[in-house]
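Spelled out, the chains give:
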Amino acid sequence: MVQVPLKQFLLNGQITEAIENAATMHPADVAETLREIPFEIQMEFIAKLLPERAADILQEMKLDSEADILSELEPTKAAEILRQMYTDEAADLLAELPEEDSEELIALMKDDGEEIKELLEYEEDTSGGLMATEFVAIREEQTVEEVLAQLRQQAPSAENAYYIYVLKKDQTLAGVISLRELVVSPLDTKIEAIMKRDVISVPEDMDQEEVAHIFEKYGFLILPVVDEEHKLIGIITVDDVLVVAEEEATEDIHKGASITPLETGYDGTGILTLFNKRIFWLVGLVFVNLISSGVIASFEKVLSSAISLVSFIPLLIGTGGNTGSQSATLIIRALVTGDVKVSDWGKVFLKELLVGICLGLVLGLTSSVLGIFRGGVEVGLVIGLTMVSIVIVANLIGMLLPFGLTLLKLDPAVASSPLITTISDATGLLIYFSIAAIVLKL
Amino acid sequence: MDQLSLKKLFLKERILEVIPVIADMHPADVAESLRDIPLEIQVKLFAELSPEWAAEIIQEVPSEFGAEILNDLAPNKAAEILQQMYTDDAVDLLSRLPKEDAEELIALMKEDGQEIKELLKYEDDTSGGLMATEFVAICEEQTIGEALALLRQQAPSAETAYYIYVLKNDRTLVGVVSLRDLVVNPLDTRVEAIMKRDVIAVPEDMDQEEVARIFEKYGFLVLPVIDKEQKMVGIITVDDILVVNEEEATEDIHKGASIAPLETGYNYAGVWTLFSKRIFWLVALIFVNLISSSVIAAYEGILASVIALTFFIPLLIDTGGNTGAQSATLIIRALVTGDVKLFDWGKVLLKELLVGVCLGLVLGLAGAALGVFYSSPMIGVVIGLTMILIVIVSNLIGMILPFGLTILKLDPAVASGPLITTIVDATGLLIYFSIASWILKL
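Residues numbered from 1 in each chain as written. Chains lettered and ligands numbered in written order. Predicted model: local features only at pLDDT ≥ 70, side-chain atom pairs only at ≥ 80, totals over all residues. Heavy atoms only, no water.

Engineer: Is there a simple way to think about the overall build of chain A in this case?
Structural biologist: The secondary structure content of chain A amounts to 21 helices and 6 strands. The globule rule puts the C-alpha radius of gyration for 442 residues at 22 Å, and the 30 Å found for chain A is more than 25% above it. Burial statistics for chain A: of 442 residues in total, 55% are counted as buried. Counting contacts in chain A only where the partners sit at least 6 residues apart, residues at least 24 apart contribute 67% of the total. For chain A, the accessible surface area stands at approximately 18800 Å², while carbon and sulfur atoms represent 57% of it. (Helix = DSSP H or I, 4+ residues; strand = E, 2+ residues; numbered from the N terminus. Rg over C-alpha atoms; globule rule 2.2 N^0.38 Å. Buried < 20%, exposed > 50% of the residue type's maximum accessible area, 1.4 Å probe, protein only. Contact = heavy atoms within 4.5 Å. Areas by Shrake-Rupley, 256 points an atom, 1.4 Å probe, with all protein chains shown as cover.)

Engineer: When you look at the domain arrangement of chain B in this model, what are you seeing that I'm missing?
Structural biologist: Buried accessible area, meaning the area lost when the parts come together, often serves as the stated size of an interface. In terms of domain boundaries, chain B breaks down into domain 1 (3–121), domain 2 (137–241) and domain 3 (266–439). One C-alpha centre belongs to domain 1 of chain B, the other to domain 2 of chain B, and the line joining them spans 30 Å. (Domains from an automatic or database assignment.)

Engineer: What should I look at first to understand the sheet that holds strand β5 (residues 222–226) of chain A in this one?
Structural biologist: By way of backbone hydrogen bonds, the strands of a sheet pair with one another, either parallel or antiparallel. Residues and elements named next belong to chain A. Taken in spatial order, the 3 strands line up as β4-β5-β6 in an open sheet, and their pairing is mixed. Looking at strand neighbours, the two that pair on one side only are β4 (202–203) and β6 (232–237), the edges of this open sheet. Sheet topology places β4 next to β5; 2 bridges connect them, and they run parallel. Note on β5: the bridge partner recorded for Pro-203 is Val-226. (Pairing = 2+ DSSP bridges.)

Engineer: It is not clear to me how the pairing of strand β3 (residues 173–178) of chain A should be interpreted in this structure. Could you clarify?
Structural biologist: Within a regular beta strand, the side chains point alternately toward one face of the sheet and then the other, so they alternate between its two faces. Residues and elements named next belong to chain A. Here β3 lies mainly inside the structure; 6 of its 6 residues are buried. Looking at chain direction, strand β2 (residues 163–167) and β3 are connected through 5 bridges and run antiparallel. Among the inter-strand pairings, Ile-164 is bridged to a residue of β3, identified as Ile-177. Turn length for the β2-β3 hairpin, with the two strands adjacent in sequence and antiparallel, is 5 residues, and the turn residue Gln-171 shows positive phi of about 70 degrees.

Engineer: How do you make sense of the nonpolar core when you look at a structure like this?
Structural biologist: The tendency in soluble globular proteins is for nonpolar side chains to be buried side by side. Counting residues in hydrophobic clusters, the biggest one holds 173 residues, and the most contacted among them are Phe-45, Ile-46, Leu-179 and Leu-182 of chain A. Apart from residues lying up to four places away in sequence, Phe-45 of chain A is in contact with Leu-10, Ile-15, Ala-18, Ile-19, Ala-22, Val-30, Leu-34 and Ile-57 of chain A. (Core = buried A, V, L, I, M, F, W, Y, C linked by side-chain atoms within 4.5 Å.)

Engineer: Which parts of the structure should I look at to understand the domain arrangement of chain A?
Structural biologist: Each domain of chain A was delimited in the assignment, giving domain 1 (4–121), domain 2 (137–237) and domain 3 (266–439). Domain 2 of chain A and domain 3 of chain A are separated by 52 Å when their C-alpha centres are compared.

Engineer: Explain the interface of chain B and chain A to me, please; I cannot follow it from the model alone.
Structural biologist: Residue-level contacts link 115 residues of chain B with 117 residues of chain A. Roughly 10600 Å² of surface becomes buried between chain B and chain A when both sides are summed, with 67% attributable to carbon and sulfur atoms. Contact with chain A buries area across many residues of chain B, yet Tyr-162, Tyr-266 and Arg-278 of chain B alone supply 8% of it, more than any other trio. The tally of links between chain B and chain A comes to 8 salt bridges. As a salt-bridge pair, Glu-352 of chain A and Arg-278 of chain B come within 3.1 Å of each other at their nearest N and O atoms. In this assembly, chain B and chain A are joined by 38 residue pairs in polar contact (both at pLDDT 80 or more). (Buried area = accessible area lost by both parts, 1.4 Å probe. Salt bridge = Lys/Arg side-chain N within 4 Å of Asp/Glu carboxyl O. Polar contact = N/O pair within 3.5 Å; in protein donor to acceptor, adjacent residues only side chain to side chain.)

Engineer: Got a minute to help me understand a nonpolar patch on the surface in this structure?
Structural biologist: Side chains of Leu-350, Leu-353, Leu-354, Val-357 and Leu-361 of chain B sit close together on the surface and give an oily, nonpolar patch of about 410 Å² of accessible area. Inspection of the secondary structure assignment puts Leu-350 of chain B in helix α21 (residues 345–374). (Patch = residues over 30% accessible without salt bridge, like charges linked within 9 Å, V, L, I, M, F, W, Y side chains within 5 Å.)

Engineer: Sorry if this is basic, but what is going on with the side chain of Asp-240 of chain B here?
Structural biologist: Mapped onto the elements of the fold, Asp-240 of chain B is located in helix α16 (residues 238–256). For the buried Asp-240 of chain B, no salt bridge is present, and the opposite-charge side chain at shortest range is Arg-96 of chain B, 12 Å distant. (Lys, Arg positive; Asp, Glu negative; His and termini not counted.)

Engineer: Would you explain the sheet that holds strand β2 (residues 163–167) of chain B in this entry?
Structural biologist: Residue and element names in this part refer to chain B. With mixed pairing, 3 strands are arranged side by side in an open sheet as β1-β2-β3. Both edges of this open sheet fall to β1 (136–138) and β3 (173–178), since each of them pairs with a single strand only. Averaged over neighbouring strand pairs, the angle between their axes works out to 35 degrees when direction is ignored. Where β2 lies against β3, 5 bridges are found, and the strand directions are antiparallel. Bridge pairing links Tyr-165 to Val-176 in β3. Its contacts with the sheet put helix α12 (residues 144–154) on β1 and β2, and the angle it makes with β1 is roughly 155 degrees. (Axes fitted to C-alpha atoms, helices over the stretch in contact; angles between N-to-C directions.)

Engineer: Any chance you could explain the packing of helix α4 (residues 39–48) of chain B against helix α6 (residues 63–72) of chain B here in plain terms?
Structural biologist: All names here are of chain B. Orientation of α4 relative to α6, taken along the N-to-C sense of each, is 65 degrees, at an axis distance of 9 Å. It follows from the interaxial angle that α4 and α6 lie roughly perpendicular. Of the two elements, α4 crosses α6, and the hand of that crossing is right-handed. In this structure, α4 contributes Leu-39, Gln-42, Val-43 and Phe-46 to the contact, and α6 contributes Glu-68, Ile-69 and Asp-72. Of the residues that constitute the contact of α4 with α6, the class distribution is 4 nonpolar, 1 polar and 2 charged. (Parallel < 35°, antiparallel > 145°, perpendicular 65-115°, else oblique. Left-handed = near helix turned anticlockwise from the far one by under 90°. Nonpolar A, V, L, I, M, F, W, Y, C, P; charged D, E, K, R; others polar.)

Engineer: I tried to follow the packing of aromatic side chains on my own but got confused; where do I start?
Structural biologist: Think of a pair of aromatic rings as described by two things: how far the centres are apart, and how the planes are tilted against each other in angle. A full pass over the atoms with the stated rule returns 14 aromatic pairs over all chains. On the basis of an interplanar angle of 55 degrees and a centroid distance of 6.2 Å, the ring pair of Tyr-163 of chain A and Tyr-162 of chain B is categorised as tilted. Here Tyr-162 of chain B lies in the loop between α12 and β2 and Tyr-163 of chain A lies in strand β2, a pairing that spans two chains. Judged by its relative accessible area of 23%, Tyr-163 of chain A falls in the partly exposed class. On the numbers, 5.2 Å between centres and 25 degrees between planes, the contact of Tyr-432 of chain A with Phe-433 of chain A is stacked. With respect to class, Tyr-432 of chain A is no different from Phe-433 of chain A; both count as buried. Feature note: the residues Tyr-162 and Tyr-163 of chain A together with Tyr-162 and Tyr-163 of chain B constitute an aromatic cluster, connected by ring pairs. Here the guanidinium or amino end of Lys-351 of chain A rests over the ring plane of Tyr-266 of chain B, the centre of that ring lying 4.6 Å away. A cation over an aromatic ring shows up here: Lys-351 of chain B above the ring of Tyr-266 of chain A, its NZ or CZ 4.6 Å from the ring centre. (Phe/Tyr/Trp six-rings, centres within 6.5 Å; stacked < 30°, edge-to-face > 60°. Lys NZ or Arg CZ within 6 Å of the ring centre and 35° of its normal.)

Engineer: Would you explain unusual backbone geometry in this entry?
Structural biologist: In most cases, non-glycine residues show a negative phi, while peptide bonds are predominantly trans. The phi angle at His-230 of chain A is positive, at roughly 65 degrees, despite the residue not being glycine. For His-230 of chain A, the location among the structural elements is in the loop between β5 and β6. A positive phi angle, close to 60 degrees, is found at Glu-13 of chain B, a residue other than glycine. Take Glu-13 of chain B: it is sitting in the loop between α1 (3–11) and α2 (15–23). Among the residues examined, Glu-13 of chain B registers a relative accessible area of 38% and is labelled partly exposed.

Engineer: Which parts of the structure should I look at to understand the pairing of strand β6 (residues 232–237) of chain B?
Structural biologist: Residue and element names in this part refer to chain B. In terms of burial, β6 is a largely internal element, 5 of the 6 residues being buried. Inspection of the sheet shows strand β5 (residues 222–226) paired to β6 by 5 bridges, in the antiparallel sense. When the bridges of β6 are listed, Val-222 appears paired with Thr-237. Taking the residues between adjacent antiparallel strands as the criterion, β5 and β6 are bridged by 5 residues, where Gln-230 takes a positive phi near 70 degrees.

Here's what the structure looks like:
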């Protein structure tokens, strides 16, 4: 984790010293240091490394910087580095490059290229897009001793040797055995005697979010991927899923603010893309807001006879919006994580009704005091009553909308804070002016 | 057997018929099928199961529930089950029990109890709170053959045997070998010849969020935990990190709607907890909202002479709020995931300024058209100009606040949607009335 000397060497252009210095560092730490170094020096550094080491370090970098470096390197060097990478990483990387460039590199990769070509055909956000093809496969008739000998010969990387897959002749998945069981079993044991037969696997086209849920539910380190005929075609390791989980959380958080998911990180996203991902909902909500304008316009008489009512509009609708955003956020997240199921709606409704009443009473009391202070007892009464009703209603809107969307098989996250705020504004204004008209006899 | 008929068997309390059905199921699936089963029936089931099996299932149940089940079982049975669990899971459950009950169970667990007692001293959300103490340790002078023999003895109880830690006599951590290294090298090789020496380890008091980031950065499956004297005290496995990540994402999402972290899932949080986690910000924001009220009160004369101006209040301040909530959400998430660093502020400011101008122009045009349509050309000009300015300013407020909070070493997530909306409301009204009085010459 000591990065200062490496950074200094690189900035001074002392590439040989930098390589020596980086030799004992973890590739992820080297990659982090490279982030702060000019591109040409990064290139020079990577070009002078052994392909194996270069692959280790590149795999830890951000995909877009990785692709930039790779496309600037000499094609033969780039192909050599790609061959040293895990197939899933290499495929992700090649998918980032312009088509001719990636085809040229795949051709240079010889037989490894074929495998990559097949991986590139899968959608990026499915199990096929996540999987690597490096796994150890054995037969059930083999003995523990034979398998250990095979492992010594193949010398797979540590990650891919945790689980060894038992295949039938037609490549279909028959069982699995962990390296640990293998090591602790007597050498002459037949694999079929110790393998686990009910292997949990995922189909090649499963959505990555679902794959992440399976990892989380079962606490697996590795999941095998099978095709339609139940043939083993790859494995997904849990470290890739950590990245997926972060991406999915970011997507959920963005949706909560009415932002269409960005495909890359904020840093790598251009102005036009940011604009595109935000403008749709902003304009859409302007039109929803017209309902609020309509409500005010229809109570114009009430307002012009008691103009001081206007000054409480932001307070009342703001609080309603905040309350509704809170309940919507709680419910959406609970639905996404499976903490609450659609069938729980009755229980949740009752809970939010009670929470809403408690919140309404406290907020109503606070704001009626403010109302009395500013506009007299009658205004205080109007503000207090309005606040209680707005808070209870907005809280329920925030709860009902995500449930309703889920029932209609739509994404509950559409019930974002901005949408909830805008809907509860119109409702709130209607409540406000109705109560004002009654209490103030306007 | 499908879920529904299994549930029926449960509800009829035909436990002896349930047992053969769940025998073929993965413990995580059994745990899921218990979700809607009354606690008394669950307790009856666990009383019938062998301690090992019961432990495997309870480890998969949310710990709030697991603790309730343990509490209702006979203490002897509960202690037996706890002894079969990994220490980290056992600690998690015991920390949720009333103190006397936990102490009784720990006493019944004999030697295992001592270890648990040590672990209970760590804070829940630190590496010490996450770690288990079941790891395999060897000395550097041992040969691979000796190490494998030791492994055969210890592996059944270790949480993970894929990495074997090399310790000195005083238990300081000097190296690590993977199980794969042991398998592919000759049996008479000494461990010191193949071990990796620069082991990345975490201190026992590191915050869990930071631990999660280390797992993600390096792609590790297991991390060793050391105390202040570099002595190895436990290991953290990546499956626990998936859970931590989900918790942290939920916390971030909740903060985005001004909700204080819940500690348990929504499903387990009572009405009172939900109320108390939400009321603070709602009340506080009312006071911030008073600024908006004062702004309106100050311009009451203008409003009284052109009442149509009030129609557009919700439209303008909401659009500002929505825009600000979007930029704040983008920036907070980018800061949390490390996608944007603090020193990037200049670049981000420029980017958001440009995005804001684009958004402002489109929304301003829409707003102007609405103003003309619903009122008069003059009002249209006021609304259009106001919209452009409000959008640009709100967008920057949403960006600057999270950066500012981070610089002040505060949590950027405090700049939640509701807070931004409320601040932007007051600013927006000021802009609105200033422009209106200038153009309409009031």
